[in-house]
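# Architecture and fold: a report
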Amino acid sequence: MIIFILGIKGGIGKTTFSLYFAKKLASMGKKVLYIDYDYLSFGSLILGHKGIGLVREVEKGLPLYSNSLAHISGFYILKLFTDPLDLNKINLVGDKIYIAIEKITDLDIEYIILDASVGLMQDDIIVTSLEKIELAEKGLFLSDIASLNSAIKYSKLWGNLRYKALAINMVPPLPEEIFESKNTARELYSLNIFDTVSVIPFDEKLYNYNPLLRDEDNERLNELLDSILNNKSKII
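The following paragraphs examine the structure supplied in this document. As the structure is a prediction and not an experimental result, all values here were calculated from the model.

## Here's the deal with the nonpolar core
The biggest cluster of nonpolar side chains holds 45 residues, and the ones touching the most others in it are Ile104, Ile126 and Leu130. The greatest single-element share of this core, amounting to four residues, is contributed by helix H5 (residues 125-131). Setting aside residues no more than four positions away along its own chain, Ile104 makes contact with Leu33, Ile35, Tyr65, Leu78, Ile109, Ile112, Leu130 and Ile133. One finds Ala26, Ile113, Ile200 and Leu206 within the second-largest nonpolar core, a separate group that totals 35 residues.

## Describing the pattern of salt bridges
Should the charged atoms of two oppositely charged side chains come close, the side chains can pair. Within this structure, the stated rule accounts for 12 salt bridges. The shortest N-O distance in the salt bridge between Arg56 and Asp83 comes to 2.8 Å. Taken together, the residues Arg56 in helix H3 (residues 54-59) and Asp83 in the loop between strand S4 (75-79) and helix H4 (94-102) connect sequence positions 27 residues apart. For Arg56, a relative accessible area of 15% puts it in the buried group. The residue Lys232 makes a salt bridge to Asp226 at a minimum N-O spacing of 2.5 Å. For Lys232, a relative accessible area of 35% translates into the label partly exposed. One connected set of salt bridges, linked through shared partners, spans Arg56, Glu59, Asp83, Asp86 and Lys89.

## A word on a nonpolar patch on the surface
A surface patch of nonpolar side chains, about 270 Å² in accessible area, is lined by Tyr39, Leu40 and Leu87. With respect to the helices and strands, Leu87 occurs in the loop between S4 and H4.

## Side note on the pairing of strand S3 (residues 69-72)
On S3, burial follows the alternation: Ala70 and Ile72 on one face are buried, whereas Leu69 and His71 on the facing-out side are not. Pairing of S3 with S4 involves four bridges; the strand directions are antiparallel. Paired with His71 across the bridge in S4 is Tyr76. Between S3 and the antiparallel strand that follows it, S4, lie two residues; Ser73 among them carries a positive phi value of about 60°.

Rules and cut-offs
- Residues numbered from 1 in each chain as written.
- Predicted model: local features only at pLDDT ≥ 70, side-chain atom pairs only at ≥ 80, totals over all residues.
- Heavy atoms only, no water.
- Core = buried A, V, L, I, M, F, W, Y, C linked by side-chain atoms within 4.5 Å.
- Buried < 20%, exposed > 50% of the residue type's maximum accessible area, 1.4 Å probe, protein only.
- Helix = DSSP H or I, 4+ residues; strand = E, 2+ residues; numbered from the N terminus.
- Contact = heavy atoms within 4.5 Å.
- Salt bridge = Lys/Arg side-chain N within 4 Å of Asp/Glu carboxyl O.
- Patch = residues over 30% accessible without salt bridge, like charges linked within 9 Å, V, L, I, M, F, W, Y side chains within 5 Å.
- Areas by Shrake-Rupley, 256 points an atom, 1.4 Å probe, with all protein chains shown as cover.
- Pairing = 2+ DSSP bridges.

The following block contains the structure:
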């Protein structure tokens, strides 16, 4: 299964959710690959993965995954970019990227968590490369209240996903804010755009989450992950 963690803006928790899901699945005994598609490689930085990224590896003709792939905290990490400039090179090494992504199958991975760059599209070269692996593709769209309309429009551009979930993240932990957000979640759920809609109140522990430092257990994220894995349709 491939779970795309998607968003139309930065700073809404894509990396946090991606790392949390990767760690949770690994703790369940699953073989997991976390793909860091953030051009700043923030997830790799958190995990201490200091090797060069796959794009630079392919560009220089180095052995595939000799630097870009690491195994940390119980799961594999594939770092795509060495620095933000590599984002402009990814299409220049297109055919070689396809070959590189195909070799992921050698790892016998059960779950791929892709921590997407802002506004990643379904025709992106990495996304289309992953389609060749023939795993079920599902998407979690992250948004805050302010960018919710944009997130909904963005989700409609991902038409081939077998399952779509929306998480309204970082809702201020005030009763009236949570109440209004839950009403919004119910309205969205009734439109049948998303299979599951979740409201995630701001949690400082989750905001500062690092799987290397401690095991975090967030009930709402656990329930959201369970819904995605098992094709549940609900409001969380």
